[in-house]
Amino acid sequence: MNPKEEKVKIIAEEFTENEEDAAVGRRKKKVQRQQRKKQPPTAGPEEMVSENPHLGPQQEPGQEEPKTHLLSTTARRGPRSLPPIPSASRTGFAEFSMRERMREKLQAARSKAESALLQEIPTPRPRRLRSPSERESETEFGTEPGKEVRRTQQEDDSQNYSKVKFHDSARKIKSKPQVPPGFPSPEEAYNFFTFNFDPEPEEERSEEEKAGAKTRGGADQEAVSPGQQDEEELLDGREAEDLLLGLEHMADDFVAIRPAEYESVHRWLQKEKEMLFVPSRLTVPTYKKLPENVQPRFLEDEGLYIGARPEVARTTGNIMENRLLVQEPERGWFGDDGRILALPSPIKPFPSRPPVLPPGQSTAAELETLYKKAVKYVHRSQHMIGSGDPSGNFQVDIDISGLIFTHHPCFSREHVLAAKLAQLYDQYLARHQRNKAKFLTDKLHALRNAVQTGLNPEKPQQSLETTQKTIKEYKAEIWQTRRLRDAEQEKDRTLLKTIIKVWKEMKSLREFQRFTNTPLKLVLRKEKVDQKADEEAFEAEIQAEISELLEEHREEYEQKMEEYRAAHQQWKAWKRAQRARKKKKKHAAEEPPDEETEEAPPEEDPGKPVPPEPTDRAVLEQQVRERAAQSRRRPGEPTLVPELSLAGSVTPNDQCPRVEVLRREDVRRRSVYLKVLFNNKEVSRTVSRQLGADFRVHFGQIFNLQIFNWPESLTLQVYETVGHSSATLLAEVFLPIPETTVVTGRAPIEEVEFSSNQHVTLDHEGVGSGVPFSFEADGSNQLILMTSGKVSHSVAWAIGENGIPLIPPLSQQNIGFRSALKRADAISSIGTSGLADMKKLAKWATESKLDPNDPNNAPLMQLISVATSGESYVPDFFRLEQLQQEFNFVSDEELNRSKRFRLLQLRNQEVPEFRNYKQIPVYDREIMEKVFQDYEKRLRDRNVIETKDHIDTHRATVAKYLQQVRESVINRFLIAKHHFLLTDLVVEEEVPNISSEGSGILGLSLFKLAEQKRPLRPRRKGRKKVTAQSLSDGDVKLLVNIIRAYDIPVRTPTPSKFQQPSRTSRTFVEKHAASPSTHSPTHSADYPLGQVLVRPFVEVSFQRTICHTTTAEGPNPSWNEELELPFRAPNGDYSTASLQSVKDDVFINIFDEVLYDVLEDDRERGRGIHTRIERHWLGCVKIPFSTIYFQSRIDGTFKIDIPPVLLGYSKERSMMIERGFDSVRSLSEGSYITLFITMEPQLVPGESVREKMSVMLKKFDSQEDEKLLQAAEKFQAECALKFPNRQCLTTVTDISGKTVFITRYLRPLNPPEELLTVYPSNPQATAELVARYVSLIPFLPDTVSFAGICDLWSTSDQFLDLLAGDEEEHAVLLCNYFLSLGKKAWLVMGSAIPEGATAYVLTWEQNHYLIWNPCSGHFYGQFDTFCPLKSVGCLIGPDNVWFNIQQYDSPLRINFDVTKPKLWKSFFSRSLPYPGLSSVQPEELIYQCTDKAAAAELQDRIEKILKEKIMDWRPRHLTRWNRYCTSTLRHFLPLLERSQGEDVEDDHRAELLKQLGDYRFSGFPLHMAYSEVKPLIEAVYSTGVHNIDVPNVEFALAVYIHPYPKNVLSVWIYVASLIRSR
Amino acid sequence: MAEVHVIGQIMGATGFSESSLFCKWGIHTGAAWKLLSGVREGQTQVDTPQVGDMAYWSHPIDLHFATKGLQGWPRLHLQVWSQDGFGRCQLEGYGFCHVPSSPGTHQLQCPTWRPLGSWREQLARVFVGGGPQLLHGDTIYSGADRYRLHTAAGGTVHLELGLLLRHFDRYGVEC
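The rules we used
Residues numbered from 1 in each chain as written. Chains lettered and ligands numbered in written order. Predicted model: local features only at pLDDT ≥ 70, side-chain atom pairs only at ≥ 80, totals over all residues. Heavy atoms only, no water. Helix = DSSP H or I, 4+ residues; strand = E, 2+ residues; numbered from the N terminus. Buried < 20%, exposed > 50% of the residue type's maximum accessible area, 1.4 Å probe, protein only. Contact = heavy atoms within 4.5 Å. Areas by Shrake-Rupley, 256 points an atom, 1.4 Å probe, with all protein chains shown as cover. Pairing = 2+ DSSP bridges. Axes fitted to C-alpha atoms, helices over the stretch in contact; angles between N-to-C directions. Patch = residues over 30% accessible without salt bridge, like charges linked within 9 Å, V, L, I, M, F, W, Y side chains within 5 Å. Salt bridge = Lys/Arg side-chain N within 4 Å of Asp/Glu carboxyl O. Lys, Arg positive; Asp, Glu negative; His and termini not counted. Charge placed at Lys NZ, Arg CZ, Asp CG, Glu CD. pLDDT = per-residue confidence, 0-100. Phe/Tyr/Trp six-rings, centres within 6.5 Å; stacked < 30°, edge-to-face > 60°. Lys NZ or Arg CZ within 6 Å of the ring centre and 35° of its normal. Core = buried A, V, L, I, M, F, W, Y, C linked by side-chain atoms within 4.5 Å. Parallel < 35°, antiparallel > 145°, perpendicular 65-115°, else oblique. Left-handed = near helix turned anticlockwise from the far one by under 90°. Nonpolar A, V, L, I, M, F, W, Y, C, P; charged D, E, K, R; others polar. Polar contact = N/O pair within 3.5 Å; in protein donor to acceptor, adjacent residues only side chain to side chain. Expected span 1.5 Å × (residues − 1). Arc of directions from axis to C-beta. Disulfide = S-S within 2.5 Å.

Break down the overall build of chain A for me, with residues and values.
On a plain count of helices and strands, chain A comes out with 50 helices and 41 strands. Across the 1622 residues of chain A, 44% fall into the buried class. For chain A, contacts bridging at least 24 residues in sequence account for 75% of all contacts bridging at least 6.

Here it is in structure tokens:
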């Protein structure tokens, strides 16, 4: 083979490689054809040799065109295989062409005499030029010899062989010129070819060209043009011309014309068939898909759950099956049922990338926008600014369609039966619909089939073991199912029987009573069955059962047998052993007998085991048949289908006996209505509907409840009215709160049953309720039925305008409430929106053990599987925290352990203990552990009732309750506090206005300038108010101006009847008294005027700071001093809220300063004064700080609280009376002090908060009539317009926050019986006693407990239960008592000193009015100047409210005659008559007697505590207790209680003096209402008894507690100091 | 246990078409963050600029966080609203920016956007006020697929935030 040929072949090879994939078949054919063509001229043995030369040229032209067009391909391929080549080759090519041209010119220029080589040049040129790519590929070929080898060899062997051969030779040749491998060597190649191929035979070449031309005309024609284009692209225009020229020249030489190649379709198909496999579309028969001899098995029929298969077109499935069968026959792609194994749905349930929607179309939920109108903000309704959450209106629709009584007192006997029948029928229908028996039967069948198939060894590949196992399981299942089915069938049957029985009873009853009441009619429809088939089925069933049973028994038997055998074996062994032993024994018998005893005691006889009895088939059959007969329909017996209809007729009234007529009339008189209660508040009620004869009531009403909060409860109350009497509550029906998915229109009507426990006996045919009755004549077999029924309703959330359900946000939902419903339903247990939280859902699913195979749960499970696998439905792509765990700095625990953080957080949350922490340490180590102790203790003790402070448990619980109420209110308050009104932030000076009234009158103030200055009549200037924020400790001072006092008790000379006044013990004053010894106090008029009777001074103590005035003299001293006391807010918190809840009191104590001469020696008297100052407590005034804070100043004259017994002192009042000084004052004996108290700087009371809250509270709904509320508002507005300063009250807020009309609080209520019997004949005394009782209930101002929020009025029973309340509650209770005592009494709303706005009680005695202070129990005449009530705003009676429209409001100057419309504006008048409001108070109060023993115990404990306290207060002195005195005092206290602290002084003194003659005694009883221990201690402290530091002083302290009913305790504390006088 | 103080103010806003503006703001953090003190969200007053076109709020932000990780670094989200002559409020723009993570004072500018809505809604907005608002406010700061939303640019909110970091170096976070 010459090199030329080689070269050609190589080129051809290159093509083949390139085109291989596409044209393997074709080329092969071509080759074959070529062979066939060429064969005749060449000889057989030469074939191999000749083929190649033929083949080569043949192929070359055939693929030359493809090659030219493949130029680009190769070029493309170049860089892939060897990057640097293309560029290099191209330049090389360009270079080459240039050179070539040069050479041409050179050749043309040179003489022809040059070598023959030069002439040869044109000959190869056209070939080269016509396909430059050839060279291109040459170069490429040359550069990648290795690649050739790597290629797969798909050619025929011969070709392969030749190829390899060519390869090698080519490589051999190429390796020489191409030393640098990547270097393009066109020129070398050119030279190489031209030189080497010189002696090339011409014919061959021409043949080549012919072949090429021929092919060009043939199949691949279209490939030419692109090839040419490529050429043109590559070559210069000129060169292209040359090329074309050359082509024209040479065409004839190379081109041969051949017929178009054609291959018949037939052959094509045949070829393709060999190559390709087309799976059939026909259904594959099942047997092909299953292993041999295996029957298809359908799991679904066996009752197993199979998920829904993905939907695949049948043909596609078939194609797949066919393909699988051929391609991978052994892979087991097919399931037991002969279908392709498939997951339920392998398709992702959601697109992983949401589709891009055209704009304007619906977007994803979280991107949804809503067009909102521009809105005006109602600031009050929004506490928090959420990020755009919709607030406000939510709506629940409650559709009450009707009510059916399943029992009612007016039911006749027939009704009872009818109801029963209807119920049974319903049950039957329900069962029928479910048809469990049928289902179970089917299942049984399926299982049996499965066992059958399982037993047949059709699946050899399945291990025997597993088959056995499944069969065993199946059998167990069968057993279970059979039992269930039997039970179901039996139930069905009994139900049917019962229905028939009841119907029969009813029929007989109708016959018996000769009328019918109900239209019920039962028809039994018989359905014929094919007797034979039925019997067969029955028999088959029984046989199957028997066989199964038999099998079971057999198994059991075998098992027992096994056991038996084992036992038997054992027994035998034992027996043998026994025998052996016996033998041994025989041997032993010959030996000494004593050995016998040594022998081990014989083993216990195991007893001969009894072989188990094989079961008898007959017996079994018998059993089965019996059971079948019992529970199943007999074969051939027709199926009975009961049908209940209302087709019967009811006997008309005139044909019924009288009792029945009566019953019917009674029914007709009754009507029923329902009240709808939302969160225990009545919101609506249905119309009252008459009860129908069938005891059905149709309402058909839909209530739209507009709500704000998440509903906690929805209740319907069923009320029944008989005739015109009032409604009685029958029962309460609790409706479930709808799930958030339930919206109007989608909610199904549901029935809720209710029943009531009321007992009704009727005197007509009606059977009554809760009473036994009987159907039998003899009264046996009694039945007791309760009223019961069903309400059909539906509750759903309404849908707003734009289709959004009006559901409150989830955050409002109470989680605790929902927990009860947990487990019931996935949706309800986690809430619909909880579905977003997949973890929760998954957790619930695992907790509740959902059956993952249950089709009902399938979607849920799928959802969960998606969720738990990390993809949730809502694309939550922003997962910043997915690797949280890995990147955490610290663990949660460590974070929570940080004390600093905790402290910071607690401070931020305004937890009371930490609210006012100013600075928090930077490091944890600087924070003490004990900082949290108090707080933690409080948290712990929240539910533990602390009895240490409170001693008696009731009060402890009440205190706890109040504490909790307080906390909850304060929490609400704290929220409200952060919500500022404009006035909180902006202080705006009012613009002076000429026309307006009030302070800013420009005109009047101008006049004021001209006013005369009166320096002797100074006026107080208003001070600037300071907001509380900028304050700190020490900034605020309490200023107390003590001005003067009246009627201070004066000293009485020590009576010397029993004792010679010793010199040392005589007081300084007494020395100056003229004749001290014999004067009794009643004769004190003999005192010379101007004598110093008492030297009082005032001591003010506040927050344990004490200030006192100078000492003045006389019983009517005038101090006119200003005392300044610092004020410290609790925890340094000067916020309004905190200031409002300051519970401290200002104690203003009045003391008498007594000087004692302590000179022991008379001789020194002339030279020095040695006196000891002692102070004796006279009385006190207690003013709560909250009063000062709210009123900003207190100015007035107050009654001094003087103990009933003040030893050594007496009032001057007798003298006054005798002198006829002041007849008014006589009514109110006592001492008075004039005070002015204020704060510096003036603090702004938290009124704004108060208003804010009261506005908020008004939003709570009210049960009052809307009209009444409007009238009340109007009334108040009118009153406020006329007299803005007078208090007018029409509605108040009760303890649950509802607005209640005030007159509902007044109702005659019985005082404790005990009090009434004390003075049966003296109504005045009784009234006082009652007032005293009321005053003994501890006073707890609302402002303290509900810091500045608003007045909550509790009813009297609540008040008595709580044992705490403020003026209003006291006044209401007192007024109610007075009303019940038959007095005319009113509640007076007005202002008093020092309480401020308060409530008093006004009574009309025979000819005058009395004003009662309910908190102290004192009463005043109308014209008493010292009456603390200073102004009267309105009067409230049980049926009306009168507003004071007189000019003056002082009780001294007004007329209390409310009948005069000119003086009193009444609320209910002729235009608005009193509608007869029912009272909120209970019918009567029930009083429990207080446990005396507990009171006694409390008494002891208080005494002990007080004694300890006194000792604590005297740390530097010894405190001695005088037991004798103490016991004396203890005896005396009950007396005081009995007389209410009056008129016992003299006796008492005498008594004391008799017993304690040797002592100088100063002391007094204190009387208080008992609430806690702390106020008692405070009171004792304020008396200052412990301050005596005389060395030999002794103390006495006695406590007495008098229990009143209802745990009201009156505490008496007697403290005294004794100084031995000798 | 690292701590972050965010102290600063919402200075104001510029570039809004309406003049009486107020801003609702909130700070969103990841689960690792714990608010020790301060309020997470709030609302500024309505500012009607008399001079210039910048509405100044100077609304203080003062928050103290403790964190156990860097994930969920605080994000500020803002809603700018305008109040018209009738006292009605309508949305002008939503804005979002991260709280800076380096200590020191930072001047932030938070551009805002608002949903455009359909042409009908746009028309209604021009004439009667109101406008489309996001139903789910958290879209402002969560990375939901917003590409379906058509928005219009609002103005810019200017913030000045000071950051104090503590103990971050203890956990290898250099700052």
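Which residues make up the overall build of chain B, and what are the values?
Helix and strand content of chain B: one helix and ten strands. Traced from its N-terminal end to its C-terminal end, chain B shows the element sequence β-β-β-β-β-β-β-β-α-β-β. With 175 residues in all, chain B has 58% of them scored as buried. Once local pairs closer than 6 in sequence are excluded, the contacts in chain B between residues at least 24 apart make up 75%. Summed over its atoms, the accessible surface of chain B is roughly 7,200 Å², and 53% of this surface lies on carbon and sulfur atoms.

Please provide a residue-by-residue account of the sheet that holds strand E36 (residues 1441-1444) of chain A, values included.
Residues and elements named next belong to chain A. Here seven strands make up an open sheet; going across it, the order is E34-E33-E32-E31-E35-E36-E37 and the pairing antiparallel. One side of each edge strand has no neighbouring strand; the edge strands of this open sheet are strand E34 (1419-1421) and strand E37 (1464-1466). Between one strand and the next, the sheet's axes are offset by a mean angle of 35°, whatever the strand orientation. Inspection of the sheet shows strand E32 (residues 1396-1404) paired to strand E33 (residues 1409-1412) by four bridges, in the antiparallel sense. Counterpart to Leu1402 in the pairing with E33 is Ile1411. Running over the sheet, helix H41 (residues 1266-1282) touches E36 and E37 and is turned about 160° from E37. Together, E33 and E34 form the strand contacts of helix H43 (residues 1323-1335), whose direction differs from that of E33 by roughly 20°.

Mind laying out a positive patch on the surface, listing which residues take part and the relevant values?
All names here are of chain A. A cluster of basic residues, Lys572, Lys575, Arg576, Arg579, Lys582 and Lys583, forms a positive patch on the protein surface. Relative to the helices and strands, Arg576 resides in helix H20 (residues 531-590). Overall, Arg576 belongs to the exposed group, its relative accessible area being 51%.

How would you summarise the confidence of the model for chain B if you had to cite specific residues and measurements?
Looking at chain B as a whole, the pLDDT averages 88, with 98% of positions reaching at least 70. Our summary of model confidence lists the complex with pTM equal to 0.46 and ipTM equal to 0.88.

Can you explain the packing of aromatic side chains? Please cite residues and give values.
Scanning the entire structure with this criterion turns up 32 aromatic pairs over all chains. Following the ring pairs from residue to residue traces out a cluster consisting of Phe889(A), Trp33(B), Phe65(B), Trp73(B), Phe168(B) and Tyr171(B). The positively charged end of Arg902(A) is found above the aromatic ring belonging to Phe932(A), 4.4 Å away from the centroid. The ring centre of Tyr1448(A) lies 3.8 Å from the NZ or CZ of Arg1453(A), which sits over that ring.

Can you lay out the nonpolar core for me, pointing to particular residues and giving the numbers?
By size, the foremost hydrophobic cluster in this structure holds 78 residues, and its most contacted members are Leu1038(A), Ile1042(A), Ile1148(A) and Ile1233(A). When residues no more than four places from it in sequence are discounted, the contact partners of Ile1042(A) are Val1098(A), Val1100(A), Thr1109(A), Trp1119(A), Asn1120(A), Glu1121(A), Leu1123(A), Ile1148(A), Ile1233(A), Thr1234(A) and Leu1235(A).

Got a sec to walk through the pattern of salt bridges? Specific residues and values, please.
All names here are of chain A. Summed over the entire model, instances satisfying the criterion amount to 31 salt bridges over all chains. Close ionic contact of Arg485 with Glu545 constitutes a salt bridge, the shortest N to O distance being 3.7 Å. Placement of the pair is Arg485 in helix H19 (residues 464-513) and Glu545 in helix H20, with a sequence separation of 60 residues. Measuring nitrogen to oxygen at the nearest pair gives 3.6 Å for the salt bridge that ties Lys790 to Glu751. Of this pair, Lys790 sits in strand E15 (residues 788-797) while Glu751 sits in strand E12 (residues 750-755), placing them 39 residues apart in sequence. Lys790 sits in the buried class, given a relative accessible area of 18%. Among the residues examined, Glu751 registers a relative accessible area of 45% and is labelled partly exposed. Among the ionic contacts, a cluster of salt bridges with common partners joins Asp666, Arg669, Arg670 and Glu720.

With reference to specific residues and values, describe the packing of helix H47 (residues 1492-1513) of chain A against helix H50 (residues 1573-1583) of chain A.
All names here are of chain A. Running from amino to carboxyl end, H47 crosses H50 at an angle of 45°, the nearest separation of the two axes being 11 Å. The angle between H47 and H50 places the two elements in the oblique class. Crossing of H47 over H50 shows right-handed handedness. Listed contacts from H50 to Ile1502, Ile1505, Leu1506, Lys1509, Ile1510 and Trp1513 of H47 are Val1573, Leu1576, Ile1577, Val1580 and Tyr1581. In the contact of H47 with H50, the residues fall into ten nonpolar, no polar and one charged.

Can you lay out the environment of Ser792(A) for me, pointing to particular residues and giving the numbers?
All names here are of chain A. On the secondary structure map, Ser792 appears in strand E15. The spacing of Ser792 and Glu753 is 39 residues in sequence and 8.7 Å in space, taken between C-alpha atoms. Among all residues touching Ser792, those that are not within four sequence positions of it are Asp399, Ile400, Ser401, Gly402, Ile749, Glu750 and Glu751. Within polar-contact distance, the side chain of Ser792 engages the side chain of Ser401 at 2.8 Å.

For the sheet that holds strand E17 (residues 1037-1046) of chain A, give the residues involved together with the corresponding values.
Residues and elements named next belong to chain A. With antiparallel pairing, the four strands of this open sheet are ordered in space as E21-E17-E26-E24. Across the chains shown, the open sheet's two edge strands, defined by having one partner strand only, are strand E21 (1118-1126) and strand E24 (1193-1200). Going from strand to strand, the sheet's axes swing by 20° on average, the running direction of each strand aside. Note that E17 and strand E26 (residues 1231-1240) share nine bridges and pair antiparallel. Bridged to Asn1041 within E26 is Phe1236.

Lay out the packing of H43(A) against helix H46 (residues 1367-1380) of chain A with the relevant residues and their values.
All names here are of chain A. Contact geometry for H43 and H46: axes closest at 10 Å, N-to-C directions at 155°. When the axis of H43 is compared with that of H46, the two are roughly antiparallel. Crossing of H43 over H46 shows right-handed handedness. Along its contact with H43, which presents Ala1327, Val1330, Ala1331, Tyr1333 and Val1334, the element H46 presents His1370, Leu1373, Leu1374, Tyr1377 and Phe1378. Per-class residue counts for the contact of H43 with H46 are nine nonpolar, one polar and no charged.

Which residues make up the side chain of His1176(A), and what values go with them?
All names here are of chain A. Mapped onto the elements of the fold, His1176 is located in strand E23 (residues 1171-1184). With relative accessibility at 11%, the residue His1176 sits in the buried group. Other than its neighbours up to four places away in sequence, His1176 contacts Ile1150, Phe1151, Asp1152, Val1154, Tyr1156, Tyr1209 and Ser1562.

Summarise helix H16 (residues 314-327) of chain A; cite the residues concerned and give the values.
Residue and element names in this part refer to chain A. The end-to-end C-alpha distance of H16 is 20 Å, a good match for the 20 Å that 14 residues give at a rise of 1.5 Å each. Listing the buried residues of H16 in full gives Gly317, Asn318, Glu321, Asn322, Leu324 and Leu325. Relative to the axis of H16, the buried residues are bounded by an arc of 165° and lie together on one face. Buried residues along H16 sit against helix H15 (286-289).

I'd love a proper account of the confidence of the model for chain A, names of residues and values included.
Taken as a whole, chain A shows an average pLDDT of 69; of its residues, 60% reach a score of 70 or greater. A low-confidence stretch, residues 996-1000 of chain A (pLDDT under 50), is modelled with three contacts involving residues beyond four sequence positions or located in other chains.

Could you give me a rundown of the pairing of strand E20 (residues 1105-1108) of chain A, with the residues and numbers involved?
Residue and element names in this part refer to chain A. Looking at chain direction, strand E19 (residues 1096-1102) and E20 are connected through four bridges and run antiparallel. Within E20, the residue paired with Phe1102 across the bridge is Thr1105. From the end of E19 to the start of E20, which pair antiparallel, there are two residues, and Gln1103 there has a positive phi angle of about 50°.

Before we move on, could you go through the environment of His445(A) and cite the residues and values that matter?
Here His445(A) is to be found in helix H18 (residues 436-455). When the C-alpha positions of His445(A) and Glu541(A) are compared, they lie 9.8 Å apart, and in sequence the two are 96 residues distant.

I'd like a rundown of unusual backbone geometry, residues and numbers included.
In this model, Asn1120(A) sits at a positive phi of 55°, which is unusual for a non-glycine residue. As for its position among the elements, Asn1120(A) is in strand E21.

Give me the lowdown on the state of the cysteines, citing residues and values where you can.
When the sulfur atoms of two cysteines share a covalent bond, that bond is a disulfide. By the definition in use, this model includes zero disulfides over all chains. There is no disulfide at Cys97(B), and the cysteine sulfur nearest it, in Cys110(B), is 4.2 Å away.

I'd like to hear about the environment of Met1511(A), residue by residue, with values.
All names here are of chain A. Residue position: Met1511 is located in helix H47. Note: C-alpha distance between Met1511 and His1586 (75 residues apart in sequence) is 8.3 Å. Apart from the residues lying within four places of it in its own chain, the contact partners of Met1511 are Thr1519 and Trp1521.

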